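Residues per chain, in single letters:
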Amino acid sequence: MGDEPVMATNDDASECKRGAVQLGYWQDSYITSFVKHIEKRAPEINRGYFARVKGVERFVQKFLSKAGSLAQIVNFGAGYDTLYWRLKEEGIHISNYVEIDFPNVTSSKCYMIKRNKELLDIIHDQDGEVKFSSTDMHSGNYHCIGVDIRNLSLLETKLQQAEVNYSSPTLFLAECVLVYIENDCVNRLLQWIASKFKSGLFINYEMCNINDTFGDVMLGNLRARGCNLAGISSCKNIDTQKARFLLNGWQGTKAWDMVQIYYNLPACERQRIEKIEFLDEQELLIQLFQHYCICIGWLGQDFTDVNFEEC
Ligand SMILES: C[S@@+](CC[C@H](N)C(=O)[O-])C[C@H]1O[C@@H](n2cnc3c(N)ncnc32)[C@H](O)[C@@H]1O
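Bear in mind the structure is a predicted one, so any value in this text is a computation, not a measurement.

Caption draft 1: Main features of the overall build of the chain. Summing up its helical and strand segments, the chain has 13 helices and 9 strands in all. A compact globule built from 311 residues would reach a C-alpha radius of gyration of about 19 Å, and the chain, at 18 Å, matches this within 12%. Projected onto the principal axes, the alpha-carbon positions of the chain cover approximately 55 × 45 × 45 Å. Counting across all 311 residues of the chain, residues that qualify as buried make up 58%. With an accessible surface of roughly 13000 Å², the chain has 50% of that area assigned to carbon and sulfur atoms.

Caption draft 2: Molecular detail of the packing of aromatic side chains. Overall, the coordinates contain 25 aromatic pairs when judged by the stated rule. Ring centres of Phe-172 and Trp-250 lie 6.3 Å apart, and the angle between their planes is 80°; this geometry places the pair in the edge-to-face category. Here the residue Phe-172 occupies a position in strand E6 (residues 170-175), and Trp-250 occupies one in the loop between helix H10 (238-247) and strand E8 (252-257), the gap between them amounting to 78 residues. For the pair shown, Phe-172 and Trp-250 are each scored as buried. An aromatic cluster is built from Phe-76, Tyr-166, Phe-172, Trp-192, Phe-197, Phe-202, Phe-245 and Trp-250, whose rings are joined through pairwise contacts. Its guanidinium or amino end placed over the ring of Phe-34, Lys-109 lies 5.3 Å from that ring's centre, counting from NZ or CZ. The ring of Phe-132 has Lys-114 sitting right over it, with the charged end atom 5.1 Å from the ring centre.

Caption draft 3: Representation of the environment of Met-137. Structurally, Met-137 is set in strand E4 (residues 137-138). Spatially, the C-alpha atom of Met-137 lies 25 Å from that of Ala-67, the residues being 70 residues apart in sequence. With residues near it in sequence (within four places) discarded, Met-137 still touches Cys-110, Ile-113, Ile-123, Val-130, Lys-131, Phe-132, Tyr-142, His-143 and Cys-144.

Caption draft 4: Representation of the sheet that holds strand E9 (residues 292-299) in the model. Across the sheet, which stays open at both edges, the 9 strands sit in the order E3-E4-E5-E2-E1-E6-E7-E9-E8 with mixed pairing between neighbours. The outermost strands of the open sheet, each flanked by one partner alone, are strand E3 (131-132) and E8. Of the strand pairs in this sheet, E3 and E4 are connected by 2 bridges, and their pairing is antiparallel. Within E4, the position partnered with Phe-132 by the bridge is Met-137. Along the sheet, H10 contacts strand E7 (200-207), E8 and E9; its crossing angle with E8, the most-contacted strand, is approximately 160°.

Caption draft 5: Expanded view of the site of the ligand. The immediate surroundings of the ligand are formed by 21 residues, with Lys-17, Arg-52, Gly-77, Asp-101 and Asp-148 found nearest. Between the ligand and Lys-17 there is a distance of 2.9 Å, counted from an oxygen atom to a side-chain nitrogen or oxygen. At a separation of 2.6 Å, an oxygen atom of the ligand approaches a polar side-chain atom of Asp-101. Its free accessible area being 590 Å², the ligand has 98% of it covered by the protein chains. Among the elements that take part in the shell around the ligand, helix H1 (residues 4-23) stands out by supplying 6 residues, more than any other. Of the residues belonging to the shell around the ligand, the class tally is 11 nonpolar, 4 polar and 6 charged.

Reading guide: rules and limits
Residues numbered from 1 in each chain as written. Predicted model: local features only at pLDDT ≥ 70, side-chain atom pairs only at ≥ 80, totals over all residues. Heavy atoms only, no water. Helix = DSSP H or I, 4+ residues; strand = E, 2+ residues; numbered from the N terminus. Rg over C-alpha atoms; globule rule 2.2 N^0.38 Å. Buried < 20%, exposed > 50% of the residue type's maximum accessible area, 1.4 Å probe, protein only. Areas by Shrake-Rupley, 256 points an atom, 1.4 Å probe, with all protein chains shown as cover. Phe/Tyr/Trp six-rings, centres within 6.5 Å; stacked < 30°, edge-to-face > 60°. Lys NZ or Arg CZ within 6 Å of the ring centre and 35° of its normal. Contact = heavy atoms within 4.5 Å. Pairing = 2+ DSSP bridges. Axes fitted to C-alpha atoms, helices over the stretch in contact; angles between N-to-C directions. Near = heavy atom within 4 Å. Polar contact = N/O pair within 3.5 Å; in protein donor to acceptor, adjacent residues only side chain to side chain. Nonpolar A, V, L, I, M, F, W, Y, C, P; charged D, E, K, R; others polar.

Next up, the structure:
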């Protein structure tokens with residue numbers, strides 16, 4: 001199997017996000033710059049994306065409040081993610097922001113950024129010029145680099161070009177990415193990060209509890225689109241998700257399924273979005289939430305008390 005179907009999952013995720021934003025689930029002024037196409041999705045899917053985006057955002061905020069002005073973000077399999085621009089809009093300072101994806105994906109992202117004054121102005125406001133190649137772009141503190149993250153030596157070279165600082169507290173993000181990567185490659189990546197970075201937090205959002213009928217249907221749909229789920233065995237349950245951090249030299253780990261995450265989001269926010277679309281039955285949504293999780297891992301002492309419950 002080639003990598004094209006895996007790259008195409010970015011189109012699907014971005015279209016789903018754009019559709020949910022359009023309906024008012026959350027605000028994102030930049031997603032329309034990357035995604036023109038909208039397809040109507042089921043209310044369960046929209047609520048699932050709401051929980052995903054808001055859940056991840058909550059951990060990003062927790063990281064930033066602890067990391068301070070040296071904070072650095074490395075987003076693996078970033079696709080058309082807009083977090084860089086959303087943080088800038090909120091006036092949040094990041095010392096360095098690096099997005100990584102396959103070169104085919106980053107080249108189209110770079111192309112869209114290059115032709116969009118609003119996106120460019122926000123990057124520019126940092127300092128100096130923006131350098132483009134066909135697959136990469138580098139500015140003062142924003143870098144978009146095309147590399148297969150299974151290729152560690154090229155990844156390391158590209159991160160150097162992106163001026164990643166191994167001493168800065170670093171947030172690693174992976175939203176529905178590691179499941180497409182062979183376990184030994186993910187293990188090597190996690191070991192490499194643990195050996196290089198002094199202080200960091202990894203936020204991984206992806207599937208869990210896949211060994212039931214619902215999981216079979218979910219995986220069957222992805223496989224039918226030609227996606228090789230090479231890392232699926234780490235998604236067996238919450239424990240397998242956490243284990244890979246501990247086995248690969250990370251100091252600690254915690255994980256929550258999306259039922260826990262959703263019901264710990266502010267009640268007023270949930271009530272607001274639950275009025276956007278009528279849900280025939282709650283059961284399907286709960287099943288969906290039971291099959292996804294957020295797993296965090298940390299390096300060093302700075303992030304040991306990051307939690308979700310007390311928000
Ligand atoms: C489901 S999409 C998610 C995109 C984005 N993280 C989001 O949540 O909107 C998965 C992304 O991971 C990227 N990806 C998967 N395997 C990769 C690899 N080995 N190297 C680089 N990117 C990869 C795909 O190209 C795709 O953009």
